[in-house]
Amino acid sequence: MNESAALNESGAGLPASSWLEAEAFDSNRTLALSSAALEFHVNPWDIMLCLSGTVIACENAIVVAIIFYTPTLRNPMFVLIGSLATADLLAGMGLILNFAFQYLVSSETISLITVGFLVASFTASISSLLAITVDRYLSLYNALTYFSEKTLHYVHLMLVGTWGASLALGLLPVLGWNCLDDASTCSIVRPLNRTNLTLLATSFFIIFALMLSLYFKICKIVCHHAHQIALQQHFFTTSHYVATKKGVSTLAIILGTFGASWLPFAIYCLVGEREYPSVYTYATLLPATYNSMINPIIYAYRNTEIQRSIYMLFCGCFQTKGSYRSRSPSEV
């Protein structure tokens, strides 16, 4: 840019009769523009985020389609899994659109919209994980009344709260919580200001603490149920021990995956400064996107009902035998 400005100034001072010098100036300016075009490059981190978004969108689009077109997948558990898959699908599409707009259409307004869209999508994904955790707890704590209208009412309230809060947080950058007018207030994620990013990070830690508490209670209930079964049968069989251990291990994997994906980025949002190298932001944000890539594997593709629906969709020759009933989260 400085070279081009210097060339423009030198060209403006040429006499009108100096045709040869003017032609030489035009030639030099063309070479300068060609050199600037050759220097244009794409950030490899942005490419990895775009690829991550593509995988996320493809994985979760299948889950959304399966749940939407399968009438048997309508109980509260699958409604919440569908909410999670929808949020992750939108997050994947947001990463792709952010890459496209960043390099094809450079605009502050579009940047605010795409960042707000990503904030809303990832917030909905994390909140849906909390809603699934609450549903699993209710299915164990109120196992006898789980398949009732009251549970469905709770699920609908959780969905409204999840998407309402996510939409509100996503609109904050568009409504003025940004640093476009004052660069000194910028956070590590431009154009979000530091107050906005601190609010998002704090919300994450609250959700993570709630999930940790609920999964701890779920572990206690699972172990108590196993102990009650052992007392009824007068001994604790190996199968009961294996099932209990497997259940606790599954909960540990779920929490461990979620924490490993989001905790580095959430912590960096609180301690990072805008002057820090952007590579730190990319290095913590990229693993966070992997959580949306892992979610459909943990919550959808490992589920036997969804596997059955996938076989019916892609194979067409899978025949079910006998009666079929969707199981509760506690049974799964």
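Positions within a chain are numbered from 1, following the residues in the order the chain's sequence is written. Local features in this predicted model are restricted to residues whose pLDDT is 70 or higher, and side-chain atom pairs enter the listing and the counts only when it is 80 or higher, whereas totals over whole chains, interfaces and linings include all residues. Computation of side-chain values: all heavy atoms of the structure, hydrogens and water removed.

K.L.:
Could you clarify how one ought to interpret the side chain of Thr 123 in this entry?
P.N.:
Among the structural elements, Thr 123 can be located in helix 5 (residues 108-141). Think of it in three bands: residues with accessible area under 20% of the maximum for their type are buried, residues over 50% are exposed, and the middle band is partly exposed, with areas taken using a 1.4 Å probe on protein chains only. The class for Thr 123 is buried, based on a relative accessible area of 15%. By definition in these notes, contact holds between two residues if any of their heavy atoms fall within 4.5 Å. With sequence-adjacent residues up to four places away left out, Thr 123 is seen in contact with Ser 166, Leu 169 and Leu 200. Only DSSP runs of H or I reaching four residues or more are called helices, and only runs of E reaching two or more are called strands; each is numbered from the N terminus.

K.L.:
What exactly am I supposed to notice about the state of the cysteines here?
P.N.:
Each disulfide is one covalent bond, formed between the sulfur atoms of two cysteines. Disulfides are defined in this document as cysteine sulfur pairs within 2.5 Å. Counted by the stated rule, this structure contains 1 disulfide. At a sulfur-sulfur separation of 2.0 Å, the disulfide partner of Cys 179 is Cys 186. Its torsion about the S-S bond being 90°, the disulfide of Cys 179 and Cys 186 is classed as right-handed. With a relative accessible area of 9%, Cys 186 lands in the buried category.

K.L.:
What is the right way to look at the UniProt feature "transmembrane region" (unreviewed entry) in the chain in this model?
P.N.:
Within this numbering scheme, the UniProt entry marks residues 45-70, 77-104, 110-134, 154-177, 197-216, 248-267 and 279-301 as carrying the feature "transmembrane region" (unreviewed entry). In residues 77-104, the share of helix is 100% and the share of strand is 0%. The end C-alpha atoms are 40 Å apart. As a span, residues 279-301 carries 100% helix and 0% strand, and end to end its C-alpha atoms are 33 Å apart. UniProt positions are given in the numbering used here, feature names are shortened, and annotations may be inferred rather than shown by experiment.

K.L.:
Whenever I open this one, the nonpolar core confuses me. Can you help?
P.N.:
Soluble globular proteins: nonpolar side chains tend toward being buried together. Counting residues in hydrophobic clusters, the biggest one holds 62 residues, and the most contacted among them are Ile 81, Met 211, Tyr 215, Phe 258, Trp 262 and Tyr 299. At the level of elements, helix 3 (44-69), helix 4 (76-104), helix 5, helix 6 (149-175), helix 7 (194-233), helix 8 (238-271), helix 9 (278-301) and helix 10 (304-314) are the ones that each hand at least two residues to this core. Contact partners of Tyr 215, with chain neighbours within four places excluded, come to Thr 133, Arg 136, Leu 251, Ile 254, Leu 255 and Tyr 299. Side-chain atoms within 4.5 Å are what join buried Ala, Val, Leu, Ile, Met, Phe, Trp, Tyr and Cys residues into a set we call a nonpolar core.

K.L.:
Can you help me understand the pattern of salt bridges in this one?
P.N.:
One side chain can pair with another of opposite charge once the charged atoms of both are near each other. Salt bridge criterion: a side-chain nitrogen from Lys or Arg within 4 Å of a carboxyl oxygen from Asp or Glu. With the rule as written, the count across this model stands at 2 salt bridges. Across the pair Glu 273 and Arg 194 runs a salt bridge, and its minimum N-O distance is 3.9 Å. Taken together, the positions of Glu 273 in the loop between helix 8 and helix 9 and Arg 194 in helix 7 put the pair 79 residues apart, joining distant regions of the chain. Look at Glu 273 and you get partly exposed, because its relative accessible area is 33%. Note on Arg 194: relative accessible area 28%, which makes it partly exposed. Across the pair Arg 274 and Glu 275 runs a salt bridge whose closest N-O atoms are separated by 3.6 Å. Arg 274 sits in the partly exposed class, given a relative accessible area of 40%. With relative accessibility at 56%, the residue Glu 275 sits in the exposed group.

K.L.:
I would appreciate a short explanation of the packing of aromatic side chains in the present structure.
P.N.:
Centre-to-centre distance and the angle between the planes together describe a pair of aromatic rings. Within 6.5 Å between ring centres, the rings of Phe, Tyr and Trp (the latter by its six-membered ring) count as paired, and their orientation is classed by plane angle as stacked under 30 degrees, edge-to-face over 60, tilted in between. Scanning all chains against the criterion turns up 12 aromatic pairs. What links up through ring pairs into an aromatic cluster is the set Phe 122, Phe 204, Phe 205, Phe 208, Phe 258, Trp 262 and Phe 265.

K.L.:
Please explain helix 9 as it appears in this structure.
P.N.:
Owing to its 3.6 residues per turn, the α-helix aligns residues three or four sequence positions apart on the same side. Here the expected length of a helix is defined as 1.5 Å per residue gap, with one fewer gap than residues. Its 24 residues place the ends of helix 9 35 Å apart at the C-alpha level, agreeing with the 34 Å of an ideal helix rising 1.5 Å per residue. Bend at a given residue is defined as the angle between two axes, one fitted to the seven residues that end at that position and one fitted to the seven that begin there. Of all the bends found along helix 9, the most pronounced is centred on Ile 294 and spans about 35°, while Pro 296, a proline, follows it within four residues.

K.L.:
So what exactly am I meant to see when it comes to the packing of helix 5 against helix 6 here?
P.N.:
Any two packed helices are characterised by the angle at which their axes cross and by the distance between the axes. Between helix 5 and helix 6, the least distance of the axes is 8 Å, while the angle of their chain directions is 155°. Taken as axis vectors, helix 5 and helix 6 run roughly antiparallel relative to one another. Note that helix 5 runs across helix 6; the crossing there is right-handed. Here the contact of helix 5 with helix 6 is composed, by residue class, of 15 nonpolar, 7 polar and 1 charged. Axis definition: a line fitted to C-alpha atoms, limited for helices to the stretch in contact. Angles are taken between N-to-C directions and run from 0 to 180 degrees. Note that the term roughly parallel is reserved for angles under 35 degrees, roughly antiparallel for angles over 145, roughly perpendicular for angles of 65 to 115, and oblique for everything else. By convention, the crossing between two helices is left-handed when the near helix turns anticlockwise from the far helix through less than a right angle, and right-handed when the turn is clockwise. Gly counts as polar in this scheme, as do all residues outside two lists: the nonpolar Ala, Val, Leu, Ile, Met, Phe, Trp, Tyr, Cys and Pro, and the charged Asp, Glu, Lys and Arg.

K.L.:
How should I be thinking about the environment of Ala 85 in this particular structure?
P.N.:
By the element assignment, Ala 85 lies in helix 4. Here Ala 85 falls in the buried class, since its relative accessible area comes to 3%. The spatial distance from the C-alpha of Ala 85 to the C-alpha of Ser 128 is 9.0 Å, given a sequence separation of 43 residues. Beyond its immediate chain neighbours, meaning those up to four positions away, Ala 85 contacts Asn 60, Val 63 and Val 64.

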